[in-house]
Amino acid sequence: MATASTDVVMPEPAEPVTLAQDLELIPIPAVQVVRRGDGFDFLAINRAYRLAGLGVVADRSAMLRALAPRIDAFLRSTELRSDFEWSIGEVIDSRYYRVTLARPGQSVRDRCQIGFVDLTAQIHTERSLRREMTTDSLTGLPNREGFSDMIEAVQAKRQRHAVLVVDLERFGRLNACLGGLAGDELLITVARRIKGALRARDALARIGGDEFGVLMGIDTDGDEARHLADRIHRALSTPFRLSDYEIGVECSIGIAQGDDALDDVEELIRNAQFAVKRAKAGSKVESYQTQAFTIAREQFAMETALRRAIEDSRLRLTFQPICDLSSGRIVSFEALTRWRDHEGVEQEPSNFIPVAEETGLILPLGRWAMEEAARTLAWLDTECGGDCGMRVAVNLSAIQIQRDDIAGVVEGSLIRHGLPGERLTLELTESAIVSDPDRTARAMHALRALGTTLAMDDFGTGYSNLAYLQKLPIDVLKMDRSFVTGMLADRDKMAIVRAILSLAQALGMKTTAEGVETNELAQTLAALGCTYGQGYHYARPLEAAQTLALIRQLRARGR
Ligand code: C2E
Ligand code: CA
Ligand code: CA
């Protein structure tokens, strides 16, 4: 079949075609037709139409027969001109045209002119380009683009589906050790093996260097996706033979169910990739849980709110007394941060301090807590007409020690409020020592040089390195509340408390027991030689005004 000139691009929109125009001047196939009985007859045919082999006898022209309903509808309408894209033939050798119908005048009801721009070659080029763009040249599989297209097609049909992302472990290393060619070979073999594990209607794509995507239809409420993941694991479990080596390839698989994000292809793939990250951390196969994202979002919301609370100074400190166990006198107060959010809800430090540490907000928060503690202590002194006789303990996070000039911050607050370092205790956790022992040691010596007391907080819960404990300038070990509360009824806890107390004695350190909730506990701890106690038995954390009232009361009683 002779093809029409496909290179000629009709000026778009074309000059209005009229029947008066000489058809032969039109470079594209064009005919004029007239209604005749049930069908149409040619009034005129141009050379391009004849050369394209589109037929010269009206009732033998497949083109005209196929178009008859459209011509009919056009003539029935009042339109002067109509353009549309149209194809004829079977899928494999179909031809595509842009068809223009035009009538010579509004009143003409039985005749029109038809022009054809052949789009076939253009569409074929576009398709093969698209195919190239959506195919991975190494494996011949669809690439990331192609994978998205496939998912889109399944979603358009509203079929239940799941996406699996298969990520190869240590592929980068293998590639570097064995060379790119061997790496390529391995990828091709891996692709073949994964393909072998799939069912006929599942589809495989290579969506990244060492990342494959599987699109699977879901038919039952069973765990089809997990079963498929297991099959893929098994398929990859036999070592691969590459030149002289036998190489084991491990993979992690993330699963995301299509129903969760039915109309967002990218989100679906992202969810599966998110699940892969979690799979790498342990289980090898992980399904995407909306919950994990919800937690991330909640944390993000908390971060934003906390940042604003710090800026708008909506944080405050409460002060919990610490008693000398032998005399029963209050000797200091631990400053504990409180945050009432904009809805009036008191947020728990156990929730927001970890977020502050993760986001770096602990730096401004910690600076604020130090400054506020010093300010309050100076205020208590003023209200008491001189030294109120109490110390204040401030919590320092490991992050502050790693990232802030902590000695500078503490010294600044002391100077601004005219306080000697001796009035201040700093509580550090073991995690600081673990993460950077040298820096922690330097910071602690600098703090000690300011005259402050240093306490190791939550002692017993971390990985205490006794060698370090001995080298660091620690004055007080603060036993974690988890050993203290309930120790009277638990021999193991009691044994730990005794061990910590004797360790502290051996190292010449004082001790504080947290979580002293009963008098009996206070008595026992005192008898065991513990120096200080803190807990609900004495008082809950107090607001600054209550703290002042308590101190005044004690002073009035001469204590
Ligand atoms: P922590 O340093 O171990 O503080 C002691 C916690 O135990 C406080 O919880 C206190 O209210 C609670 N507590 C005291 N006595 C008792 C008792 O007898 N029974 C029980 N069940 N609990 C008692 P809070 O105020 O919720 O603080 C939790 C943690 O948040 C603190 O633990 C501390 O690690 C952290 N934190 C609080 N404020 C700050 C701060 O300004 N900076 C830093 N870095 N951390 C802070
Ligand atoms: Ca503490
Ligand atoms: Ca503690």
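Keep in mind the model is a prediction, meaning the values are calculated, not measured.

Engineer: Help me out: how do you make sense of the overall build of the chain in this one?
Structural biologist: The helix and strand inventory of the chain stands at 20 helices and 21 strands. A globule of 559 residues ought to have a C-alpha radius of gyration of about 24 Å, yet the chain, at 40 Å, is considerably larger. Seen through its principal axes, the chain has C-alpha atoms that stretch 120 × 65 × 40 Å. Considering the chain as a whole, with its 559 residues, one finds that 47% of them fall into the buried category. When contacts within the chain are restricted to residue pairs at least 6 apart in sequence, those whose partners lie at least 24 apart make up 62%. Taken as a whole, the chain presents about 28300 Å² of accessible surface, with 50% of it coming from carbon and sulfur. Between the mean site of the 67 positive side-chain charges and the mean site of the 79 negative ones, the chain shows a separation of 1 Å.

Engineer: What exactly am I supposed to notice about the packing of helix H6 (residues 180-197) against helix H7 (residues 224-237) here?
Structural biologist: When two helices pack together, their arrangement is captured by the angle between the axes and the distance separating the axes. Contact pair H6 / H7: the axes reach a minimum separation of 9 Å and the direction vectors enclose 140°. With respect to their mutual orientation, H6 and H7 come out oblique. Regarding H6 and H7, the two cross each other, and that crossing is right-handed. Residues Val190, Arg193, Ile194 and Ala197 of H6 form the contact with H7, whose own contacting residues are Leu228, Arg231, Ile232, Ala235 and Leu236.

Engineer: Is there a simple way to think about the packing of aromatic side chains in this case?
Structural biologist: Given two aromatic rings, their pairing is described by the distance between the two centres and the angle made by the two planes. Counting across every chain of the model gives four aromatic pairs. Note on Tyr97 and Phe116: the rings are 5.7 Å apart at their centroids and 75° apart in plane angle, and the pair reads as edge-to-face. One end of the pair, Tyr97, is in strand E4 (residues 95-102); the other, Phe116, is in strand E5 (residues 111-118), and 19 residues separate them in sequence. Note on accessibility: Tyr97 and Phe116 belong to one class, buried.

Engineer: Would you take a moment to explain the state of the cysteines for this structure?
Structural biologist: Between two cysteines, a covalent bond joining their sulfur atoms is known as a disulfide. Enumeration according to the criterion identifies zero disulfides in this entry. Not engaged in a disulfide, the cysteine Cys530 finds its nearest cysteine sulfur in Cys323; these two sulfurs lie 12 Å apart.

Engineer: Can you walk me through the site of ligand 1 in this structure?
Structural biologist: Taken together, 20 residues form the shell around ligand 1, and within it Thr337, Arg338, Arg481, Glu517 and Tyr536 come nearest. Between ligand 1 and Arg338, the relevant distance is 2.8 Å, taken from an oxygen atom to a side-chain nitrogen or oxygen of the residue. Take Asn395: an N or O atom from its side chain is 3.2 Å from an oxygen atom of ligand 1. When contributions to the shell around ligand 1 are tallied by element, the ones reaching two or more residues are strand E14 (330-340), helix H10 (349-359) and strand E18 (453-459). At four residues, the largest contribution of residues to the shell around ligand 1 is made by E14. The residue makeup of the shell around ligand 1, split by class, is seven nonpolar, six polar and seven charged.

Engineer: Would you mind showing me how to read the pattern of salt bridges here?
Structural biologist: Tallied over the entire structure, the rule returns 31 salt bridges. Linking Arg36 and Asp41 is a salt bridge whose minimum nitrogen-to-oxygen distance equals 3.4 Å. A salt bridge links Glu514 to Lys478; the shortest N-O distance between them is 4.0 Å. Of this pair, Glu514 sits in the loop between strand E20 (510-513) and helix H19 (519-528) while Lys478 is found in strand E19 (residues 476-479), placing the two residues 36 residues apart along the sequence. Several salt bridges converge on common partners, so that one network encompasses Arg316, Arg340, Glu346 and Glu543.

Engineer: Looking at this structure, I do not really get the sheet that holds strand E7 (residues 203-208). What am I missing?
Structural biologist: Backbone hydrogen bonds are what pair the strands of a sheet, in a parallel or an antiparallel way. Reading across the sheet, the five strands line up as E7-E8-E6-E11-E12 and stay open at both edges, with mixed pairing between neighbours. The outermost strands of the open sheet, each flanked by one partner alone, are E7 and strand E12 (285-287). Averaged over all pairs of adjacent strands, the angle between their axes in this sheet comes to 20°, without regard to strand direction. The sheet contact formed by strand E6 (residues 161-168) and strand E11 (residues 251-257) spans seven bridges and is antiparallel. Considered in E11, the bridge of Ala162 is made with Gln257. Sheet strands in contact with H7 are E6, strand E8 (211-217), E11 and E12, and its direction is about 160° off that of E11.

Engineer: What am I meant to see in the side chain of Ser61 here?
Structural biologist: For Ser61, the position within the fold is in the loop between helix H1 (47-51) and helix H2 (62-76). With a relative accessible area of 0%, Ser61 lands in the buried category. A distance of 3.1 Å separates a polar side-chain atom of Ser61 from the backbone oxygen of Leu54. Here Ser61 is in contact with Phe42, Tyr49, Leu54 and Gly55, once residues within four sequence places are set aside.

Reading the values: the criteria
- Residues numbered from 1 in each chain as written.
- Chains lettered and ligands numbered in written order.
- Predicted model: local features only at pLDDT ≥ 70, side-chain atom pairs only at ≥ 80, totals over all residues.
- Heavy atoms only, no water.
- Helix = DSSP H or I, 4+ residues; strand = E, 2+ residues; numbered from the N terminus.
- Rg over C-alpha atoms; globule rule 2.2 N^0.38 Å.
- Buried < 20%, exposed > 50% of the residue type's maximum accessible area, 1.4 Å probe, protein only.
- Contact = heavy atoms within 4.5 Å.
- Areas by Shrake-Rupley, 256 points an atom, 1.4 Å probe, with all protein chains shown as cover.
- Lys, Arg positive; Asp, Glu negative; His and termini not counted.
- Charge placed at Lys NZ, Arg CZ, Asp CG, Glu CD.
- Axes fitted to C-alpha atoms, helices over the stretch in contact; angles between N-to-C directions.
- Parallel < 35°, antiparallel > 145°, perpendicular 65-115°, else oblique.
- Left-handed = near helix turned anticlockwise from the far one by under 90°.
- Phe/Tyr/Trp six-rings, centres within 6.5 Å; stacked < 30°, edge-to-face > 60°.
- Disulfide = S-S within 2.5 Å.
- Near = heavy atom within 4 Å.
- Polar contact = N/O pair within 3.5 Å; in protein donor to acceptor, adjacent residues only side chain to side chain.
- Nonpolar A, V, L, I, M, F, W, Y, C, P; charged D, E, K, R; others polar.
- Salt bridge = Lys/Arg side-chain N within 4 Å of Asp/Glu carboxyl O.
- Pairing = 2+ DSSP bridges.

All we've got here are geometric facts, nothing functional implied.
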